[in-house]
Amino acid sequence: MKINKVKQIVTSKLFFIIISMVLLFLLTGGYFYFSSKIENYKRKNPYEIKVKANDNFVFLGDSITEGYPTKELFDDLPIINSGVSGYTTDDILKNLDEMVTIYNPTKVFILIGTNDIAHEKNEKEITDNIKKIVQNILRKRPNTRIYIESIYPINNTEDDKIDHNVVGIRENKMIKRINNQLKKYCKEKKYTYINIYDELSDKTENINLKYTKEGLHLNDLGYLKVTKVLYQYLKD
């Protein structure tokens, strides 16, 4: 009886050890399998964009650009994120060398102006400064291709998601007027104007709540939407 009991104990322990080893193998194997799948997905270029060895794509702007997870969303592309939170057109003009020129960019994507509105600058001041930004870039880097993004819409409705302290005095009516001027400027100078305003806005022409954190800044889904639009300009 004692021998049988010992056999039962030994057998149960062996069974427990074997089951533990199998589970450990499955868990670690599954982890590495799915980790490799995720890494492959992140590094996969869905548009098969071919870049030259000396290509540099600069994203220039304020907090909306700074918050853009460019490394994660453009993992295999030579993108420099030159966004600085709180920056206005004046700030960029003062810091163009360190934000743009030093990278010798082949393409520059400009998204700026919303903070100027918050600082109560008028439409002419804002558009004139954006034009100066472009002129100063091309003066030092004449072969750079210029892409001007529309200023993104805001949402200042009474939805619980909206933080009115962040959105401030910004208004979509003014943003649209500035965007129209930027579009006209790009057409005259043969630069590329990218209308992301319409891509992010809802039927009421506010930024769609699913794309924003609090009415001004983008959330992850908003950045994915912008990425989908920008990819075509990165590959041309």
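Residues numbered from 1 in each chain as written. Predicted model: local features only at pLDDT ≥ 70, side-chain atom pairs only at ≥ 80, totals over all residues. Heavy atoms only, no water.

K.L.:
Before we go on, may I ask you to explain the pairing of strand β2 (residues 79–83) in this structure?
P.N.:
Counting buried residues in β2 gives four out of five residues, a clear majority hidden from the surface. Direction of pairing for strand β1 (residues 57–61) relative to β2: parallel, over a ladder of five bridges. Within β2, the residue paired with Gly61 across the bridge is Gly83. (Buried < 20%, exposed > 50% of the residue type's maximum accessible area, 1.4 Å probe, protein only. Helix = DSSP H or I, 4+ residues; strand = E, 2+ residues; numbered from the N terminus. Pairing = 2+ DSSP bridges.)

K.L.:
Which parts of the structure should I look at to understand the sheet that holds strand β4 (residues 145–149)?
P.N.:
Paired through backbone hydrogen bonds, the strands of a sheet run either parallel or antiparallel to each other. The strand order across the open sheet built from five strands is β2-β1-β3-β4-β5, with neighbouring strands paired in parallel fashion. Lying at the two open borders of the sheet, with one neighbouring strand each, are β2 and β5 (192–194). Each strand axis lies, on average, 20° off the axis of its neighbour in the sheet, ignoring direction. Alignment of β4 against β5, held across three bridges, turns out to be parallel. From the neighbouring strand, Glu149 faces β5, where its bridge partner is Ile194. The sheet contacts of helix α7 (residues 123–140) involve β1, β3 (107–111) and β4, and relative to β4 the element is tilted by about 160°. Across the face of the sheet, helix α9 (residues 172–189) comes into contact with β4 and β5 while running at roughly 155° to β5. (Axes fitted to C-alpha atoms, helices over the stretch in contact; angles between N-to-C directions. Contact = heavy atoms within 4.5 Å.)

K.L.:
Looking at this model, I keep getting lost on the nonpolar core. Mind explaining?
P.N.:
One broad rule of soluble globular proteins: the nonpolar side chains tend to lie buried together. Among the nonpolar cores identified, the biggest contains 33 residues, and Leu60, Ile110, Ile137 and Ile148 are the most heavily contacted of them. Looking at this core, the elements with two or more residues in it are β1, α5 (96–99), β3, α7, β4 and α9. Discounting residues that sit within four places of it in the chain, Ile148 has contacts with Ile110, Ile130, Val134, Leu182, Tyr185, Cys186, Thr192, Tyr193 and Ile194. (Core = buried A, V, L, I, M, F, W, Y, C linked by side-chain atoms within 4.5 Å.)

K.L.:
Which parts of the structure should I look at to understand unusual backbone geometry?
P.N.:
Backbone geometry follows two general trends: most residues other than glycine have a negative phi, and most peptide bonds adopt the trans configuration. With phi around 65°, Lys190 is a residue other than glycine that occupies positive phi space. Along the polypeptide, Lys190 turns up in the loop between α9 and β5. The backbone of Glu205 sits at a positive phi, close to 70°, despite the residue not being glycine. On the secondary structure map, Glu205 appears in the loop between α10 (197–200) and α11 (220–235). For Glu205, a relative accessible area of 36% corresponds to the partly exposed category.

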